[in-house]
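Architecture and fold: a report
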Amino acid sequence: MTVIVVGAGIAGLTAAWHLLASGTPPTDITVLESSNRVGGKLALAEVAGSRLDVGAESMLAVRPEAPELVREVGLGDALTTPATTSASVWSRDRLRPLPTGTLMGVPADPEAVRGLLTDEEVDRLRDERPWPVELSGDVAVGEYLAARLGDAVVDRLVEPLLGGVYAAQARQLSMAASVPALHTAALRGESMLGAAQAAAAARAGTRAGAGAFCGIVGGLGRLPEQLQDSLRAAGVRIETGVTVRELARTQAGWRLTCGPVPSPSVHEATSVILAVPPPSAGRLLAGVAPAAAATMAGIEVASMAVITLAVDRRALDAAGHVLPGSGFLVPATDARTIKASTFSSNKWSWVGDLRDDVVFLRASVGRAGEVAPLQVSDEELVDVAVREVGQAVGFPLAPVVDSHVQRWGGGLPQYAVGHLERIAAVEAAIEGVPGLEVCGAAYRGVGIPAVIASARAAADRLQASRSSEERSVP
């Protein structure tokens, strides 16, 4: 078996790694990436002379897939947890503590959100109301929770948290795909507050003292770099700057047409794994699985930008100014441009130790359906980040000594209502095409552990189907 993996984000690299580590690895593995580097939304860049994450900077530790992969590639000693998880919500012109013990914003104890919500809003939260009809399928998480717990808990808690993960609008986001624990309780007609309480009790019982998130000393961007080095050392070819334009069946397997139309190049393999965003997957599947292609092409994607700032630490200290906690979230209802800010030097000890004279922080911009905030220059994005972070913390930021803007165009797939049913149909259609698999953030989770799980599953299915074919040959 020879395999071509299209896409060298964490999904594609993991798929290649998992194939390589299987009991009977393919005789030949090639990874093709259209951009000039591997890693996708895991990326490092130099800011004020130091390398920092300018994409994802933390991952769930309560799922095993990501820490396992980090250890497999030899970075286990670099796993780290946040130095502080004390975050805030910039709501109604003030930073207010983000309550702990919530299930994606639904509090286990309504009293914990008093102050962030007004007394009237807390009373409405306590007055949990039934959904008007028996729920039998998927529903928008924001629409459902607003009807049962009130608009405020969605606008001030659920929306900022979901926006940080999906860059999505809660009132359009699939409850089944984004918060399955709440959806399961909703299908049973159970209390949403009760579901949050049960989740809080489970966390206390199973992970006492353990953090929910982890990172890597030196940045998450080290993971794809290490994967690339390990794969190449094992003989896997990784080619960047190669755009796959067409995928076609052949008698022996697959032909991939790459490069510019006037001078195309061709790659052939017995099997292919597509680890690319929905628009690219839709285009490549059009000739081999048209129904799956149409579904993938219909998945909307959101764009965002991460603005990293290096601020003069001595000027902050001289003015007696302190950045509080690990950062803050911003409700969309407050009509700010930024949607969150992370005080990286506070959150990660390794970042805080990088330089004595600089404090690093970052802000993010971009929600689903928002176009205008990203249609400005990098300089304007830096200006708005400096201004709004300063407004949130209550003092102007000290002189910014360096900055970096990383744009992620179309980087976040949107899980609309009915997403899981549509993905099940895509998977069923792909199952009928021998030697073809798909994986990535568009399918069953956008977080790093979910993407790793998706890639491993694709590699396992490919191996299983090939083994089955070999056994059937007399």
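Comments concerning the overall build of the protein chain
A tally of regular secondary structure across the protein chain gives 17 helices and 22 strands. Relative to the 2.2 N^0.38 estimate, which gives 23 Å for 474 residues, the radius of gyration of the protein chain is 23 Å and therefore close to what a compact globule would have. Seen along its three principal axes, the alpha-carbon backbone of the protein chain occupies a region of about 75 × 60 × 45 Å. Buried positions account for 52% of the 474 residues belonging to the protein chain. When contacts within the protein chain are restricted to residue pairs at least 6 apart in sequence, long-range pairs at least 24 apart make up 73% of them. When the accessible surface of the protein chain is split by element, carbon and sulfur atoms take 51% of a total near 19,800 Å².

Concerning helix α11 (residues 290-297)
Inspection of α11 places A292, A293 and M296 among the buried residues, and these make up the whole buried set. Each buried residue of α11 sits inside an arc of 100° when the element is viewed along its axis, so together they form one side. Looking at α11, the residues exposed on the side facing more than 90 degrees away from the buried face are P290, A291 and A294. Lining the buried residues of α11 we find α10 (278-285) and α16 (419-431).

Side note on the side chain of R148
Mapped onto the elements of the fold, R148 is located in helix α4 (residues 141-149). For R148, a relative accessible area of 7% translates into the label buried.

Quick look at the environment of G163
By secondary structure assignment, the location of G163 is in helix α5 (residues 151-166). Measuring from C-alpha to C-alpha, the distance between G163 and A368 comes to 8.6 Å, with 205 residues separating the pair along the chain.

Some words on a nonpolar patch on the surface
Where nonpolar side chains cluster on the molecular surface, the patch consists of L60, V62 and F213 and spans about 230 Å² of accessible area. Looking at the element boundaries, L60 is found in strand β5 (residues 59-60). Given the relative accessible area of 32%, L60 is considered partly exposed.

What about the packing of α11 against α16?
The geometry of α11 relative to α16 is characterised by a closest axis approach of 8 Å and an angle of 150° between their N-to-C directions. Viewed along their axes, α11 and α16 adopt a mutual orientation that is roughly antiparallel. Relative to α16, α11 is oriented so that their crossing is left-handed. Facing α11, whose interface residues are A292, T295 and M296, α16 presents R422, I423, V426, A429 and I430. Considering only residue class, the contact of α11 with α16 consists of six nonpolar, one polar and one charged.

Some details on the nonpolar core
Among the nonpolar cores identified, the biggest contains 82 residues, and V106, Y144, L145, M175, L182, M192 and L223 are the most heavily contacted of them. Ignoring sequence-local partners within four residues, the contact set of L182 consists of L103, V106, L145, M175, M192 and A195.

A few points about helix α7 (residues 180-187)
Every buried residue belonging to α7 is among L182, H183, A185 and A186, and all of these are buried. Taken end-on, α7 shows its buried residues confined to a sector of 160°, consistent with a single buried face. Phi turns positive one or two residues past the end of α7, at G189, with a value near 75°.

Focus: the pattern of salt bridges
This model, assessed by the stated rule, comprises 23 salt bridges. The salt bridge partner of E65 is R63, with a shortest N-O separation of 2.9 Å. Using a relative accessible area of 13% as the deciding quantity, one classes E65 as buried. With a shortest N-O distance of 2.7 Å, R156 and D334 are connected by a salt bridge. Of this pair, R156 sits in helix α5 while D334 sits in the loop between β18 (327-329) and β19 (338-342); the two residues are 178 residues apart in sequence, bridging distant segments of the chain. Note on R156: relative accessible area 10%, which makes it buried.

A word on the sheet that holds strand β1 (residues 2-6)
With parallel pairing, five strands are arranged side by side in an open sheet as β12-β2-β1-β16-β22. The outermost strands of the open sheet, each flanked by one partner alone, are β12 (237-240) and β22 (436-438). Direction aside, the axes of adjacent strands within the sheet are offset by 15° on average. Examined bridge by bridge, β1 and strand β2 (residues 28-33) share five bridges and lie parallel to one another. Looking across to β2, one finds that V6 is bridged to L32.

Some remarks on the sheet that holds β5
Across the sheet, three strands lie side by side as β5-β11-β6; this open sheet has antiparallel pairing. The sheet is open, and its two borders are formed by β5 and β6 (79-80), each paired with just one other strand. Alignment of β6 against strand β11 (residues 213-216), held across two bridges, turns out to be antiparallel. Note that in β11 the partner of T80 across the bridge is G215.

Concerning the environment of G55
Relative to the assigned elements, G55 resides in the loop between β4 (50-53) and β5. Between the C-alpha atoms of G55 and G435, which are 380 residues apart in sequence, the distance is 32 Å. Excluding its chain neighbours within four sequence positions, the residues that come into contact with G55 are K41, A43, R362 and W408.

Some thoughts on the pairing of strand β3 (residues 44-47)
With four bridges joining them, β3 and β4 adopt antiparallel strand pairing. By the bridge assignment for β4, E46 is matched with R51.

How each quantity is defined
- Residues numbered from 1 in each chain as written.
- Predicted model: local features only at pLDDT ≥ 70, side-chain atom pairs only at ≥ 80, totals over all residues.
- Heavy atoms only, no water.
- Helix = DSSP H or I, 4+ residues; strand = E, 2+ residues; numbered from the N terminus.
- Rg over C-alpha atoms; globule rule 2.2 N^0.38 Å.
- Buried < 20%, exposed > 50% of the residue type's maximum accessible area, 1.4 Å probe, protein only.
- Contact = heavy atoms within 4.5 Å.
- Areas by Shrake-Rupley, 256 points an atom, 1.4 Å probe, with all protein chains shown as cover.
- Arc of directions from axis to C-beta.
- Patch = residues over 30% accessible without salt bridge, like charges linked within 9 Å, V, L, I, M, F, W, Y side chains within 5 Å.
- Salt bridge = Lys/Arg side-chain N within 4 Å of Asp/Glu carboxyl O.
- Axes fitted to C-alpha atoms, helices over the stretch in contact; angles between N-to-C directions.
- Parallel < 35°, antiparallel > 145°, perpendicular 65-115°, else oblique.
- Left-handed = near helix turned anticlockwise from the far one by under 90°.
- Nonpolar A, V, L, I, M, F, W, Y, C, P; charged D, E, K, R; others polar.
- Core = buried A, V, L, I, M, F, W, Y, C linked by side-chain atoms within 4.5 Å.
- Pairing = 2+ DSSP bridges.

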